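Fold and geometry: a report
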Amino acid sequence: MIIGVLALQGAFREHIHMIKKCDAGAVEIRLPAQLDNIDGLIIPGGESTTISKLMMEYDFLDRLKSFAVSGRPIFGTCAGAILLADKVGGKKQDLLNLIDIDVKRNAYGPQVYSREAEITVEFPEPEIFRAVFIRAPIIDSIGSHVIPLALYNNTYVMVRQDNILVSTFHPELTEDSRIHQYFLRMINHKQQITWKQNEFLRVQKI
Amino acid sequence: MEKFGTLEVKTGLAEMLKGGVIMDVTTPEQAKIAENAGAVSVMALERVPADIRAQGGVARMTDPAIIEKIIESVSIPVMAKVRIGHYVEAQILEALGIDFIDESEVLTPADETYHINKWKFTVPFVCGAINLGEALRRIGEGAAMIRTKGEAGTGNVVEAVRHMRAIHDGIARLAALPEEELMTEAKNLGAPYELVTMVARDKKLPVVNFSAGGIATPADAALMMQLGADGVFVGSGIFKSEDPAKRAHAIVQAVTHYNDPDIIAQVSKGLGHAMPGLEISEIGEVNLLQFRGN
């Protein structure tokens, strides 16, 4: 199994390190043609404006949309989550629109409000995970087909819609590979969605 | 349960900037140009290093009013410089909500002996270094990111190359030393022993290392990336050139595709004049910024 990590800008090396730690192969993706030979893609954290400009410049948009339509999973962290989102600040993006969420960019404020926090992730069994939020976005709302997997401060911080997974925090910045393993199980079709957990989290959020 | 300003949160922001270009700007308009060109961050300044060098006088932290206007004008993180050792300037920048502080030799040093104790701050710091010992001293003081100093405001990449090579040579040397020699090497480097053993083991710095000081063309930027930089700072090189927007855009492409000569060739075409450069030997040693703080 080979995972591609979009390497236009940002923390792509950390994701590659994590994937290799999970005993899967990982390659850097800088041009759209390189998407053909991979089984799943990670869009890393970085500066979403920078990465989006480079994605457009090198004609990634249509290729990434057909990649998703082919059923292969995509995991976006932080900036990656923004790039995959349908809406930013209530406005439909002219970008990938691959997951039905509305995000607010840099929603916690300047860097002094970046933080570590312990959250509970539904793997689907609930487990504690130390999440690192760096100038992170907030997921303001999610569509009816989007499954919440983790909550923090009454907002969703990790959600999934079919083959698209996003987190607003950075699992690649810790040595904890459980979320990367979850993503690899999505590729193997071994990670089913549990609707019971979904309902539970939706009720929890006020 | 929530923790702010931890090492991971500070170095984490530096990790997110990797593979990117950080550009010096002096106005909100320039900041927008930088953001539109794909900069990962901007450095808010009153004067770019080339002007500081030309005009002389004491160079201080930028007027907070200018910094605030620049923060409001862009969504990418904003950095600003403080004088070496001037921790009150750093307190002011932290209060303003700056995302990263550069304790910089480009400004006139406030303290000739001591740098800022950066552990006391929630906001992360980047510091300059010309060799491994200096880099590790700054990390020991709490820097979350290093940049090789180069020679700011010259448009001459030769010092940036020298410093990047010096750091990588220093790392290679540590990695090759037997363990019993590391304490003496720490003494010789003037660096904390724990960091020396960490670098010897990991064969890399424990924080992100960008290149700065003299980068003026896409080729310069790609050269520094191939030499092992995690990203680049471009100071005077953009807004002292003939067509800043075009050059900024080209340098961003060159940093992403630093190993692809076809793309670098394509983006290097027709950029207009680069900033006029300075030959290092003509500057005179007393005017070199790189030896401020060590």
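Above: the structure in question.
Okay, so let's go over this structure. As the structure is a computational prediction, the values presented were derived from the model and not from experiment. One numbering rule holds for all chains: residues counted from 1, following each sequence as written. Labels follow written order: the first chain is A, the first ligand is 1, and so on. Note on the predicted model: pLDDT of at least 70 is required for a residue's local features to be given, and 80 or more for side-chain atom pairs to be given and counted; whole-chain, interface and lining totals, by contrast, use all residues. Hydrogens are left out, water is left out, and the side-chain values use all remaining heavy atoms of the structure.

**Brief notes about the overall build of chain B**
The following threshold applies: To qualify as a helix, a DSSP run of H or I must reach at least 4 residues; to qualify as a strand, a run of E must reach at least 2; elements of each kind are numbered from the N terminus. Throughout, radius of gyration means the C-alpha value; the globule benchmark is 2.2 Å times the number of residues raised to the power 0.38. Burial status follows relative accessibility: with a 1.4 Å probe on protein chains alone, a residue under 20% of its type maximum counts as buried, one over 50% as exposed, and anything between as partly exposed. A contact between two residues is defined here by any heavy atoms of the two lying within 4.5 Å. Each accessible area value is a Shrake-Rupley result obtained with a 1.4 Å probe; residue values ignore everything except the protein chains displayed when judging cover. Under this rule, positive means Lys or Arg and negative means Asp or Glu; His and the chain ends count for nothing. One atom stands in for each charge, and that atom is NZ of Lys, CZ of Arg, CG of Asp or CD of Glu.
Tallying secondary structure elements over chain B gives 14 helices and nine strands in all. In terms of overall size, chain B behaves like a compact globule, its C-alpha atoms giving a radius of gyration of 18 Å where 294 residues would be expected to give roughly 19 Å. In terms of principal-axis extent, the alpha carbons of chain B reach across some 55 × 45 × 45 Å. Within the span of chain B, comprising 294 residues, buried residues form 59% of the whole. Summarising the internal contacts of chain B: among those between residues at least 6 apart in sequence, 67% fall at separations of at least 24. For chain B, the exposed surface amounts to about 11500 Å²; the carbon and sulfur share of it is 51%. Each charge sign in chain B was given a centre, from 28 positive and 39 negative side chains, and these centres are 1 Å apart.

**Focus: the pairing of strand 6 (residues 125–129) of chain B**
Residue and element names in this part refer to chain B. Here is the rule: For two strands to be treated as a pair, DSSP must find at least two bridges joining them. Place the viewer so that the strands point away; then a crossover is right-handed whenever the path from the first strand over the helix to the second strand goes clockwise.
Within strand 6, five of the five residues are buried, leaving the element largely enclosed by the surrounding structure. Pairing of strand 6 with strand 7 (residues 145–148) involves four bridges; the strand directions are parallel. Bridging across to strand 7, Cys 127 finds its partner in Ile 146. Taken together, strand 6, helix 6 (residues 132–140) and strand 7 form a β-α-β motif whose crossover is right-handed.

**Overview of the pairing of strand 11 (residues 147–152) of chain A**
Regular strands show a simple pattern: their side chains alternate between the two faces of the sheet. Residue and element names in this part refer to chain A. With respect to burial, strand 11 is a largely interior element, six of its six residues being buried. Pairing of strand 8 (residues 115–122) with strand 11 involves two bridges; the strand directions are antiparallel. By the bridge assignment, Thr 120 is partnered in strand 11 with Leu 151. In terms of strand pairing, strand 11 meets strand 12 (residues 155–161) through five bridges, oriented antiparallel.

**Things to note about the interface of chain B and chain A**
Condition: By buried area we mean the combined loss of accessible area, with a 1.4 Å probe, across both parts when two parts are placed together. We define a salt bridge as a side-chain nitrogen of Lys or Arg found within 4 Å of a carboxyl oxygen belonging to Asp or Glu. We call two N or O atoms a polar contact when they sit within 3.5 Å, provided that within protein one can donate a hydrogen and the other can accept it, with sequence-adjacent residues counted only if both atoms are side-chain atoms.
The partner chain A presents 38 residues to the 41 residues of chain B that form the contact. Together, the buried faces of chain B and chain A total about 3100 Å²; carbon and sulfur atoms form 53% of this surface. The largest contributions to the chain B side of the interface with chain A come from Glu 8, Met 16 and Lys 18 of chain B, which together make up 21% of the buried area. A salt bridge links Arg 115 of chain A to Glu 2 of chain B, with the shortest nitrogen-to-oxygen separation between them at 3.6 Å. Taken together, the links from chain B to chain A amount to 21 residue pairs in polar contact (both at pLDDT 80 or more). Among the elements of the structure, strand 1 (3–4), helix 1 (7–17), helix 2 (28–37) and helix 12 (244–256) of chain B are those that each provide at least two residues to the side of chain B that touches chain A.

**Some words on the side chain of Lys 118 of chain B**
All names here are of chain B. For Lys 118, the position within the fold is in the loop between strand 5 (100–104) and strand 6. Given a relative accessible area of 0%, Lys 118 falls into the buried group. Looking at Lys 118, its side chain comes within polar contact range of the main-chain oxygen of Ile 116, at 2.9 Å.

**Some details on the environment of Ala 44 of chain B**
Residue and element names in this part refer to chain B. Among the structural elements, Ala 44 can be located in strand 3 (residues 41–44). On the accessibility criterion, Ala 44 (0% relative accessible area) is buried. Distance from Ala 44 to Glu 68, taken between C-alpha atoms, is 9.2 Å for residues 24 residues apart in sequence. With near-sequence residues (within four places) excluded, Ala 44 lies in contact with Val 25, Thr 62, Ile 67, Ile 70, Val 78, Met 79 and Ala 80.

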